[in-house]
Every structure is written in C-alpha cells, then in structure tokens.
Amino acid sequence: MAIRVLCFDHEGGHGGSSISLFHVLRHMNRRDVEAKVICRKASSIQQQYEALGIETSVEAELPLFSPTEAGWKANLSLLKNGLPNLLRRYKKFDYLAKEIEVNFDLVHFNHASLFVPKS
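Quick caveat, the model's predicted, so the values are computed rather than measured. (Residues numbered from 1 in each chain as written. Predicted model: local features only at pLDDT ≥ 70, side-chain atom pairs only at ≥ 80, totals over all residues. Heavy atoms only, no water.)

A. Just the overall build of the chain, in detail. Looking only at helices and strands, one finds three helices and four strands in the chain. Walking the chain from its N terminus toward its C terminus, one meets helices and strands in the order β-α-β-α-β-α-β. Looking at the chain as a whole, 32% of its 119 residues qualify as buried. Accessible surface, the chain as shown: approximately 7800 Å² in total, 58% of it carbon and sulfur. (Helix = DSSP H or I, 4+ residues; strand = E, 2+ residues; numbered from the N terminus. Buried < 20%, exposed > 50% of the residue type's maximum accessible area, 1.4 Å probe, protein only. Areas by Shrake-Rupley, 256 points an atom, 1.4 Å probe, with all protein chains shown as cover.)

B. Local environment of the confidence of the model for the chain. Averaged over all residues, the pLDDT of the chain equals 83, while 90% of them reach at least 70. Per-element confidence in the chain is highest for helix H2 (residues 45–51), whose mean pLDDT is 95, and lowest for helix H3 (residues 72–103), whose mean pLDDT is 79. (pLDDT = per-residue confidence, 0-100.)

C. How the structure looks around the pairing of strand S3 (residues 55–58). Where strand S2 (residues 33–39) meets S3, four bridges bridge the pair, whose relative direction is parallel. Its bridge partner being in S3, Val-37 is matched across the sheet by Thr-56. Crossover S2 to S3 through H2 is right-handed. (Pairing = 2+ DSSP bridges. Right-handed = clockwise from strand over helix to strand, strands pointing away.)

D. Structural context of the sheet that holds strand S1 (residues 3–9). Strand order in this open sheet of four strands is S3-S2-S1-S4, and the pairing throughout is parallel. Each end of this open sheet is capped by a strand with a single partner; those strands are S3 and strand S4 (106–109). Taken over all neighbouring pairs, the strand axes of this sheet differ in orientation by 20 degrees on average, direction set aside. Pairing of S1 with S4, which is carried by four bridges, proceeds in the parallel orientation. (Axes fitted to C-alpha atoms, helices over the stretch in contact; angles between N-to-C directions.)

E. Looking closely at a nonpolar patch on the surface. On the surface, Trp-72, Leu-76 and Leu-79 cluster together to form a nonpolar patch covering roughly 340 Å² of accessible area. With respect to the helices, strands and loops of the structure, Leu-79 is situated in helix H3. A residue is classified by how much of its surface remains accessible, and Leu-79, at 33% relative accessible area, is partly exposed. (Patch = residues over 30% accessible without salt bridge, like charges linked within 9 Å, V, L, I, M, F, W, Y side chains within 5 Å. Salt bridge = Lys/Arg side-chain N within 4 Å of Asp/Glu carboxyl O.)

F. Summary view of the pattern of salt bridges. Tallied over the full model, the rule gives four salt bridges. The partner of Glu-55 in a salt bridge is Lys-36, with the nearest N and O atoms 3.7 Å apart. Of this pair, Glu-55 sits in strand S3 while Lys-36 sits in strand S2, placing them 19 residues apart in sequence. Taking the shortest distance from any N to any O, the salt bridge between Lys-98 and Asp-94 comes out at 2.9 Å. On the criterion of helical spacing, the pair formed by Lys-98 and Asp-94 is a turn pair, its members being four residues apart in helix H3.

This is how it looks when you write it as structure tokens:
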C-alpha cells in the first residue's frame, strides 16, 4: 500500500522551493507514494503534476506567517494582527483538516511560511 502524502506549496510553481518539490515528487516511485499538491498560486506547474498523475488544487487563501528578525515582540504582533484573518478562514479550511485525517498519512509543508515556528 502506498503512503498518502499531501504537499502544501505556497509558491505554486513560482519559486525555488516549489520547483524542488516538483522534482522530488517527479522522481518518487508512485507505487510507494501517492501524492496530492495544494498550491497557493496557480501556474503551469499544475499541468506538469497532472501529466505525472499527481492531483493538484489551488487554495489562494491558505494562511501564511513570515516571521521577521525584529524579535519576538514584532512576531507576536504579526500573529496578533493576522489572527482575525485566520479565524475568518477557519471554517473554510475545516474541510481540509477532515480530508487530511481521512485521506492522508503524511503532510509536507515545503516552506517555513506555512507554519508557525517554535522559536
């Protein structure tokens, strides 16, 4: 049985980490890995994934957080200011959490902006 992997790509084919993810998935044995990619931006990379048999979708409103080097207070302020937007999107992306729970074994975030770091 193949491991089911959901990959989040915040660049959607428009940057280096996106291209790296594509090449990694392109070379994986699809008998062992069944992948789906959710992009934050639409681009021609979706057709390239589809040609490989890898399902894609676009979710332009995926929340991002880009910490700064200005210190923890500045980052806390960014989080505080972004919280209302994140809460508004919560119900919209609740379906995604359920899809992950049911359909995937592993989730890959290909960029640090897609999660809030510990430190």
